Amino acid sequence: MSHTDRRKKRLPLSFSLLYALPVFAAGAPVLAQAAELDAKASKVTVASKASVRSAPKTAAQPVVKKVTVAKKNGATLKSVADTSPKESNSPENVVVTGSALRSGRYNPNPVQTVTAKEIQQTSATTIGDYLQRLPSIGSSGTQNTTQNGGGGMSCADIRNLGSSRVLVLIDGKRMVQTMGNGSSCADLNNIPSDMGESSEILKDGGSELYGADAVAGVINVKLKHNVQGGNVTVRGGITDVGDDRTGKISGHYGFNFDHDKGNISVFGQYMTQGGIMQKNRDYMSNPWSQDTLIGQNPVLGSGYTSSSRIMNDNTGMDVVANANGNGTHPYTSADRYNYGQASSLLSYLQQASLNGDAHYDVNEHLKLYANVQYTHKASSQMMAGMPVSGSVYPSTLSNPLTLPSNAPYYDSSWGDGSYMYRRYAEYGGRENNQASDTYQVTAGAKGKIVGNWEYDVSMGYGTSQTTYNTLNQLNYRKLMQVYGIRQIDPTDASSAVTYDPSVCQQSAGCALANPLQNLTGAAKQYALFNEHNHADYQLRDFNARVHNDKVVKLPYEHGGNIGVAGGIEHRSEQASYHADPLDIS
């Protein structure tokens, strides 16, 4: 069913059971609040600004707003009929990321909140692109600027501990991940930016509440709820050099029913991001291959030359084939290949999302809620022509690509054991493209048990299916046949080789070629390989929690409340990666 080779792995079924032990929170935040209010002798109640989902008890009057947001050199058009309810002036207790207790005005956890308005006021088109600008987000994650191995995903990293140690939540519930090449992460490209109300970033470890995958921190994306009326937003932009043409249209509509006991909201978004090529930016048009000391000239480009580079460790020889394929010349820095001319700097991205949200309050003891999300995402990146130097373990094909000394194209002055590096630019750039479909459904109930005790029980199911294609690659086995190379011992990658034209002549479609010249015609077509891989990921998550924010009040002046929270989570995750059969052969 699944295949495993040197680059493709299958993750086995994983199952975990996490019990969140009761958490006792002393009333230090409440003490600070009480002391401040007492010192000011003020009886004014201040509403918390760290707002999350809270259904209004009575119908609110619509507020008409006019918002204009600019992106790069583009223009934004937004309808003025924004019928969001007015903010209440009543005191508000909110549940924040990193705690199962409602903290009131003050939160002891280092949580940074980013609102949807703040994202709209920038040129960022995705949540991941915006978060990458924050100091708390590390650089070791996968971003839309990661072209080699990024897989078209945007996976956040906090404090450079890796994206696998960052937990991504949607409304406090786990987000289904996307399976990549041997690893998985929560792809922020699957979250429509216009559907989010705010994003909270817990910059401290949250493993004691969420589990081991939250060691680095937690990102909680809070979606819009209780929408009344409709809204349509159209946005477009382009850079000052005429690329990264971006367009987005989004809309939502919602309404209350049964005397405001329930609400149904529907959201939709379609977005395209045109991408940027490295050659269109001076600082990336000829990239450095390594850091250099002050005063030294940087090393530019790649040592995999577009003409064959022949080396011999015994004699120290290092020559490059002439452009016409006749003869060689000593290798110099001028022969290095500028891969920036054919590589992407920013991925092309296309995203379409549909989201439905509903809740119904039967009474204070039973409040039903459900959320359904679907996202289709397509992305692509360009990379320079494929470099070849030999096989990679566990393959037993020749490594390095050793040239047989008895071949008609072999120069005796090279000495025995010469091998070749080459970037096959004659195929053009490699194109990586990905397409994924992600579904996630969450449903549950919450309410009051008795007194100040409350509960929240939910069940979530999510799945993502992704296809990865890489075009204009080479089949290394067929390339050896084109050059007439046969291993003496096929089971040993370091085996001696000999020239045997029959390995090509006996293979349909194969044509012999000279490795000092570009591949053309039948030989070029025979060695061509387009890779197609598939990945799947499934998540089942049952979550039940109870809490009481006011179990007992501390028995002294300005004493705060002691809260208790406890819960259980039963999570099952399955992931598989199906590699291209030709890629592992």
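Structure: see above.
Criteria and cut-off values
- Chains are numbered independently. Their residues run from 1 in the order of the written sequence.
- Reporting in this predicted model follows two pLDDT cut-offs: at least 70 for local features of residues, and 80 or more for side-chain atom pairs to be given and counted; totals over whole chains, interfaces and linings ignore these cut-offs and use all residues.
- Heavy atoms throughout the structure, all of them, feed into the side-chain values; hydrogens and water do not.
- Any two strands with at least two DSSP bridges between them are considered paired.
- A helix here means a DSSP run of H or I that spans at least four residues, while a strand means a run of E at least two residues long, and both kinds are numbered starting from the N terminus.
- Note on terminology: disulfide denotes any pair of cysteine sulfur atoms within 2.5 Å.
- Any residue under 20% of the maximum accessible area for its type is buried, any over 50% is exposed, and the rest in between are partly exposed; the area is computed with a 1.4 Å probe on protein chains only.
- The method works on a 1 Å grid over the protein atoms by themselves. A cavity is a set of points holding a 1.4 Å probe that cannot get out, a pocket is an open set with protein on both sides within 12 Å along at least five of seven lines, and residues with an atom within 4 Å of a point line them.
- Grid points are joined across faces, edges and corners, and a volume is the space filled by probe spheres set on the points.
- In the scheme used here, Gly and all other residues not listed as nonpolar or charged are polar, with Ala, Val, Leu, Ile, Met, Phe, Trp, Tyr, Cys and Pro taken as nonpolar and Asp, Glu, Lys and Arg as charged.
- Residues enter a nonpolar core if they are buried and are Ala, Val, Leu, Ile, Met, Phe, Trp, Tyr or Cys, with the set joined through side-chain atoms within 4.5 Å.
- Contacts were defined at the residue level, with two residues in contact if any of their heavy atoms lie within 4.5 Å.

## Description of the sheet that holds strand β8 (residues 196-202)
Phase 1 of the analysis: Read across the open sheet, the five strands follow the order β3-β8-β9-β4-β5; overall the sheet is mixed. On the outer flanks of this sheet lie β3 (111-115) and β5 (173-174), each paired with one strand and no other.
Phase 2 of the analysis: With six bridges connecting them, β8 and strand β9 (residues 217-223) associate as antiparallel partners. Across the sheet, G196 pairs through a bridge with L223, a residue of β9.

## Notes on the state of the cysteines
Phase 1 of the analysis: Under the definition given, this model contains two disulfides.
Phase 2 of the analysis: Sulfur-sulfur distance for the disulfide between C504 and C510 comes to 2.1 Å. Looking down the S-S bond of the C504 and C510 bridge, the torsion is -115°, so its handedness is left-handed. When sorted by exposure, C504 lands in the same class as C510, which is buried.

## Regarding empty space enclosed by the protein
Phase 1 of the analysis: Under the definition given, this model contains eleven cavities of 30 Å³ or more.
Phase 2 of the analysis: Of the voids in this model, the largest cavity is the one considered here, and its volume is about 110 Å³.
Phase 3 of the analysis: For the largest cavity, the lining is made up of twelve residues, of which I170, D171, K173, N371 and T442 are closest to its centre.
Phase 4 of the analysis: With three residues, the top contributor of residues to the lining of the largest cavity is strand β21 (residues 366-383).
Phase 5 of the analysis: In terms of residue class, the lining of the largest cavity is built from two nonpolar, five polar and five charged.

## Thoughts on the environment of P581
Phase 1 of the analysis: Along the polypeptide, P581 turns up in the segment after β29 (561-578).
Phase 2 of the analysis: When the C-alpha positions of P581 and H532 are compared, they lie 8.9 Å apart, and in sequence the two are 49 residues distant.

## Observations concerning the nonpolar core
Phase 1 of the analysis: By size, the foremost hydrophobic cluster in this structure holds 31 residues, and its most contacted members are Y424, Y483 and L519.
Phase 2 of the analysis: Elements with a contribution of two residues or more to this core: β17 (317-321), α5 (476-482) and α7 (521-527).
Phase 3 of the analysis: A per-element tally of this core places α5 first, with four residues.
Phase 4 of the analysis: Look past the residues within four positions of L519 in its chain and what remains in contact with it is R422, Y424, E426, Y427, L474, L479, V482, Y483, A513 and K524.

## Description of the sheet that holds strand β16 (residues 309-312)
Phase 1 of the analysis: What the five strands build is an open sheet, ordered β18-β17-β16-β23-β22; its pairing is antiparallel. Looking at strand neighbours, the two that pair on one side only are β18 (328-330) and β22 (387-388), the edges of this open sheet.
Phase 2 of the analysis: In this sheet, strand β23 (residues 419-423) lies alongside β22 in antiparallel orientation, the contact comprising two bridges. Paired with V388 across the two strands is R422, which belongs to β23.

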